[in-house]
Each structure stands twice: as C-alpha cells, then as structure tokens.
Amino acid sequence: MSATAADRIIVALDGMGPEQALTFAGSLPALRWVKVGLELFVAAGPVVVQQLRQQGLRVFLDLKFHDIPATMAGACRSAAALGADLITVHAAAGSEALAAAQGAAAAGAAAAGLPAPTLLAVTVLTSWEAGRFARELAIQEPLASYVPQLAQLAATAGLGGCVCSPLEVAGLRGAHPHPFALVTPGIRPAGAATGDQQRVMTPAMAIAAGASQLVIGRPITAASDPAAAFAACCAELEAGC
Ligand code: C5P
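Residues numbered from 1 in each chain as written. Predicted model: local features only at pLDDT ≥ 70, side-chain atom pairs only at ≥ 80, totals over all residues. Heavy atoms only, no water.

A.B. asks: Lay out the overall build of the protein chain in plain terms, naming residues and giving numbers.
C.D. replies: Secondary structure summary: the protein chain contains 12 helices and eight strands in total. With respect to the principal axes defined by its C-alpha atoms, the protein chain has extents near 45 × 40 × 30 Å. Residues classed as buried in the protein chain amount to 49% of the 241 residues present. Contacts in the protein chain between residues far apart in sequence, at least 24 positions, make up 67% of those at least 6 positions apart. For the protein chain, the exposed area adds up to about 10,500 Å²; of that, 57% sits on carbon and sulfur atoms. Positive and negative charge centroids in the protein chain, built from 13 and 16 side chains respectively, lie 3 Å apart. (Helix = DSSP H or I, 4+ residues; strand = E, 2+ residues; numbered from the N terminus. Buried < 20%, exposed > 50% of the residue type's maximum accessible area, 1.4 Å probe, protein only. Contact = heavy atoms within 4.5 Å. Areas by Shrake-Rupley, 256 points an atom, 1.4 Å probe, with all protein chains shown as cover. Lys, Arg positive; Asp, Glu negative; His and termini not counted. Charge placed at Lys NZ, Arg CZ, Asp CG, Glu CD.)

A.B. asks: Would you mind going over the site of the ligand in detail, with residue names and values included?
C.D. replies: Surveying the vicinity of the ligand reveals the residues Ala-12, Asp-14, Lys-35, Thr-126, Pro-185, Arg-188, Gln-197, Val-215, Ile-216, Gly-217, Arg-218 and Pro-219. In the model, an oxygen atom of the ligand is placed 3.0 Å from a nitrogen or oxygen of the Lys-35 side chain. Relative to its unbound accessible surface of 460 Å², the ligand loses 79% to contact with the protein. Most atoms of the ligand, that is more than half of them, are within 2 Å of grid points of the largest pocket. Mapped onto the shell around the ligand, the elements with two or more residues apiece are strand 8 (213-216) and helix 11 (218-221). Partitioned by chemical class, the residues of the shell around the ligand number five nonpolar, three polar and four charged. (Near = heavy atom within 4 Å. Polar contact = N/O pair within 3.5 Å; in protein donor to acceptor, adjacent residues only side chain to side chain. 1 Å grid on protein atoms, 1.4 Å probe; cavity = no way out; pocket = protein on both sides within 12 Å on 5 of 7 lines; lining within 4 Å. Sits in = over half its atoms within 2 Å of the grid points. Nonpolar A, V, L, I, M, F, W, Y, C, P; charged D, E, K, R; others polar.)

A.B. asks: Account for the layout of surface pockets, naming residues and giving values.
C.D. replies: What the largest pocket holds in volume is close to 980 Å³. Surrounding the largest pocket, 35 residues form its lining, Lys-35, Lys-64, Thr-126, Pro-185 and Gln-197 being those nearest its centre. For the lining of the largest pocket, the secondary-structure elements that each account for two or more residues are strand 2 (33-37), helix 3 (38-44), strand 3 (58-65), helix 9 (166-175), strand 8 and helix 11. The residue makeup of the lining of the largest pocket, split by class, is 14 nonpolar, 11 polar and 10 charged. Contributing to the lining of the second largest pocket are 14 residues, with Leu-143, Ala-144, Val-147, Glu-168 and Arg-199 lying nearest its centre. Taken together, the elements giving at least two residues each to the lining of the second largest pocket come down to helix 8 (143-156) and helix 9. (Points joined across faces, edges and corners; volume = space filled by probe spheres on them.)

Below, the structure is given as structure tokens:
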C-alpha cells in the first residue's frame, strides 16, 4: 500500500467515545489521517488531538468555527497549537474573520514549533436543500452559485482549501487549482451501503474529479474488518477505479 493512497484518506472518528476512538485509530496500522468532529471533541476535549498525534496520526479538527474575527482567531490559534493539521471554519463568517483566523492559525502553530495548518472553509452545509435555504435564510442567490462564491471568498482571504460535496469538486477545482485543498465527505466505495448520504462518489471518482483528500466514516468504521475496508479504499485509489 503506497503512502500516497493512505495520505488521501481521512477516517472520521464519529460515534466513538475517547477510549474507543484511540483504540480504533491504533488498530489500523496503515492509517495516516483521522477526523475529530464536534461529538468526539466535546466528549474528550483537546487532549484527544494530542493523543492521536502521539499515535503518529495527522488530525483534521472539524469544529466548523463561525464567530466574530477575534474569537475565530483565538480558536484557530489554539487549534493550531494543539497540532491539528486541517481545521474547518465557516466561509460565511466573512473575509475579515477568515483572514484573522488564517493569520492566527499560522502564528499559533509557529509559537508551538509546528508547521502551519491548512484552514478549510465550509461553504454551505450539504444538509441544506435549495428551496428551504432560500426561504429560511432569505438568500436570493441560488445555492449552486452561492457555494463557489463562498469558496472564492475563502481563497481570497488566504485560506488553503474548502470542504465540499463530491458533486461540487470538479467545478471548484476548475476555479481553484492545486494546491488549494478540496476535501470531500460523501464517499462510498463501490458496493458499500450509502446510509444517510444521498449524493455519493467512489473514492477513485472523487479523486479523479479533483478532490485532494477524502473523508470516509462508516464504510470503514462500521465495517466488520475496518483494516481490510481501509486497505480496500487505498487499493481502489491506487488502481484508479
Ligand atoms: O460515515 P460517513 O462516511 O458518511 O461520514 C462522513 C463524515 O463527513 C461525517 O463525519 C460527516 O459528519 C461529515 N460530513 C458529511 N457531509 C458534509 C460535511 C461533513 O458527511 N457535507
């Protein structure tokens, strides 16, 4: 298994308590990246990021910060000092907050003697449906063009990438060449249950469309043999199919 394929897969440690998450992560020898979301972070606290790093893993800290510039900056400074490699913020916080977050993350990492993390902008949560989005938020811009606008806002503010659905990857990649990161959930290996994900792509399809990394949860975490499921995803990427 090449390092390249494993480096592109971020396993979401969802639905696990702190001990279970650490044990699970330690049970996949080829694993390089994990995603710590709100559920695990609220239960375990910042120490879980440090513990996962001590296991040799790189951490995507998916806390989706959305606040005033000073608070965004403080949160990103602290997250970077913990050693998170990827950190999510909401693009809708605005350019001032995004730029402050980016600068503070770099400063926080430098003060801790760590490389600067990549901040990823969340554009519009994929749980929004276009009609309800327009009605409830009174945003007249169609969702399809609002997402690229927010991605551009993030890029202009100096952020390193976006989180997006697999269906948005190709369009966003056209506007934002590598090394702008496009990290996509909603991934299902061929033959895997889709569960509550409606709009999915296989790992190889998402990478071919321009994704830089994939977030995969249940197809690996809920598999009867998670190590084999992870290896199958890597093999799929290596085969490119
Ligand atoms: O289990 P599954 O592979 O569906 O997990 C996908 C992960 O990506 C979960 O942590 C989920 O919260 C997250 N996510 C998502 N869709 C988005 C944004 C994040 O599924 N649009």
